[in-house]
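Given next are the chains, with one letter for each unit.
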Amino acid sequence: MEWIQSLPKIELHAHLNGSIRDSTLLELARVLGEKGVIVFADVEHVIQKNDRSLVEVFKLFDLIHKLTTDHKTVTRITREVVEDFALENVVYLELRTTPKRSDSIGMSKRSYMEAVIQGLRSVSEVDIDFVTASDSQKLHNAGDGIGRKKIYVRLLLSIDRRETTESAMETVKLALEMRDVGVVGIDLSGNPLVGEWSTFLPALQYAKDNDLHITLHCGEVPNPKEIQAMLDFKPHRIGHACFFKDEDWTKLKSFRIPVIDLHVPLFSVSYNLFNQFQEFAMFCRLKYV
Ligand SMILES: CNc1ncnc2c1ncn2[C@@H]1O[C@H](COP(=O)(O)O)[C@@H](O)[C@H]1O
């Protein structure tokens with residue numbers, strides 16, 4: 001397995017709150033346990049469990065969000081996640097996260113994202129490039145590069161399927177304002193059993209019209225109507241495609257939409273890998289990696 005670790009890699013489907021070290025989650029849970037906010041013994045096994053149903057996955061995310069959603073922790077997990085990917089020789093990372101509002105702690109979607117950016121700025125174990133504003137700023141936070149790992153990071157802002165049209169639009173507008181700190185696209189994710197495609201469409205169309213790239217979690221559950229509507233929208237990418245029928249694959253291929261995070265038979269993999277590399281260059285807007 002060591003040779004796999006040593007290969008330079010690109011990571012195109014990483015959710016920030018889905019990439020946190022177990023040790024960090026346990027530490028945060030212990031602290032909240034001591035404060036009486038949660039019962040540590042109840043959550044310890046939930047964090048350490050490996051096999052989870054779709055329902056359990058989203059319950060776990062709700063728990064993780066309880067542990068991580070304050071500015072300081074968002075900054076910390078961003079730094080750790082980027083450093084962990086870099087140490088595994090990921091050279092290009094697209095990190096997606098859902099901007100969150102929490103009035104009780106004075107968190108807005110913008111301040112959540114500022115905490116993420118603060119996390120990127122605080123990466124110190126490796127050199128990082130995430131600022132896209134101008135070439136002079138480009139090598140932000142980079143050291144002399146000699147003997148140090150380097151990682152290019154770009155951000156996607158996620159819309160959670162629990163959100164309203166207005167909330168989704170707020171995320172898209174925020175993404176547009178944050179392009180100079182590496183935001184390149186919008187993701188639609190969250191529990192696939194919740195929400196309607198028509199709720200998110202106006203915000204996603206606005207994003208597309210303003211040249212943000214779009215990736216959708218698509219076909220995670222059997223929902224033929226939604227799958228067809230999502231493909232007709234012609235997103236730049238989709239993820240999952242677990243419940244695609246022949247007609248869905250046919251449309252996906254005719255529209256040349258790549259799948260990142262595949263759960264599909266091998267014949268589609270080679271097709272998609274080819275497309276992914278074409279699309280990779282389109283998304284990351286780098287001169288070189
Ligand atoms: C099982 N596959 C999946 N399907 C759909 N959405 C998923 C997901 N895995 C993760 N997320 C989405 O990412 C959020 C966590 O990261 P952030 O809080 O945004 O950083 C989850 O709450 C969910 O909305």
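Residues numbered from 1 in each chain as written. Predicted model: local features only at pLDDT ≥ 70, side-chain atom pairs only at ≥ 80, totals over all residues.

Comments concerning the overall build of the protein chain
Thought 1: What the protein chain contains, in helices and strands, is twelve helices and eight strands.
Thought 2: Going through the 289 residues of the protein chain one by one, you find that 34% of them count as buried.
Thought 3: In the protein chain, of all internal contacts separated by at least 6 residues, the share reaching a separation of at least 24 is 62%. (Helix = DSSP H or I, 4+ residues; strand = E, 2+ residues; numbered from the N terminus. Buried ≥ 20, exposed ≤ 12 C-beta atoms within 10 Å, placed from the backbone. Contact = placed C-beta atoms within 7 Å.)

Points about the site of the ligand
Thought 1: Close to the ligand lie 14 residues, the nearest being Leu 16, Asn 17, Thr 97, Thr 98 and Ser 189.
Thought 2: Counting residues per element, the ones that place at least two in the shell around the ligand are α4 (54–68) and β4 (150–160).
Thought 3: The residue makeup of the shell around the ligand, split by class, is three nonpolar, nine polar and two charged. (Near = placed C-beta within 6 Å. Nonpolar A, V, L, I, M, F, W, Y, C, P; charged D, E, K, R; others polar.)

With respect to helix α2 (residues 22–34)
Thought 1: Spanning 13 residues, α2 covers 18 Å between terminal C-alpha atoms, matching the ideal 18 Å at 1.5 Å per step.
Thought 2: Along α2, the residues that are buried comprise Leu 25, Leu 28 and Ala 29. All buried residues of α2 lie within an arc of 100 degrees about the axis, which places them on one face of the element. The exposed set on the far side of α2, more than 90 degrees from its buried face, consists of Ser 23, Glu 27 and Glu 34.
Thought 3: The inward-facing, buried residues of α2 abut α3 (40–48), α4 and α5 (71–87). (Expected span 1.5 Å × (residues − 1). Arc of directions from axis to C-beta.)

Points about the environment of Gly 195
Thought 1: Among the secondary structure elements, Gly 195 is positioned in the loop between β5 (183–189) and α9 (197–209).
Thought 2: With 155 residues separating them along the chain, Gly 195 and Phe 40 place their C-alpha atoms 31 Å apart.
Thought 3: Not counting residues up to four positions away in its chain, the partners in contact with Gly 195 are Arg 161, Arg 162 and Gly 190.

Some details on the nonpolar core
Thought 1: If you look at the biggest cluster of nonpolar residues, it comprises 62 residues, and the most contacted ones within it are Val 82, Leu 93, Ile 151, Val 153, Ile 186, Leu 204 and Ala 207.
Thought 2: Residue contributions to this core peak at seven residues, all from β4.
Thought 3: Contacts of Ile 186, omitting those with residues within four sequence positions, involve Leu 156, Leu 157, Ile 159, Val 172, Ala 175, Leu 204, Ala 207, Leu 212 and Ile 214. (Core = buried A, V, L, I, M, F, W, Y, C linked by C-beta atoms within 7 Å.)

Observations concerning helix α8 (residues 165–177)
Thought 1: Here α8 is 13 residues long and its end C-alpha atoms lie 19 Å apart, about the 18 Å a rise of 1.5 Å per residue gives.
Thought 2: Turning to α8, its buried residues are Ala 168, Thr 171, Val 172 and Ala 175. Along the axis of α8, the buried positions cluster into a sector of 95 degrees, meaning they face one direction only. Across from the buried face of α8, at angles greater than 90 degrees, the exposed residues are Glu 166 and Glu 177.
Thought 3: In the core, the buried residues of α8 are packed alongside α6 (109–121), β4, β5 and α9.

Let's talk about the pairing of strand β6 (residues 213–218)
Successive residues of a regular strand alternate their side chains across the two faces of the sheet.
Thought 1: Among the six residues that make up β6, six are buried, leaving the element largely enclosed by the rest of the structure.
Thought 2: Burial along β6 is two-sided: His 213, Thr 215 and His 217 and Ile 214, Leu 216 and Cys 218, pointing in opposite directions, are all buried.
Thought 3: Across four bridges, β5 lies against β6 in parallel orientation. Looking across to β6, one finds that Gly 185 is bridged to His 213. (Pairing = 2+ DSSP bridges.)

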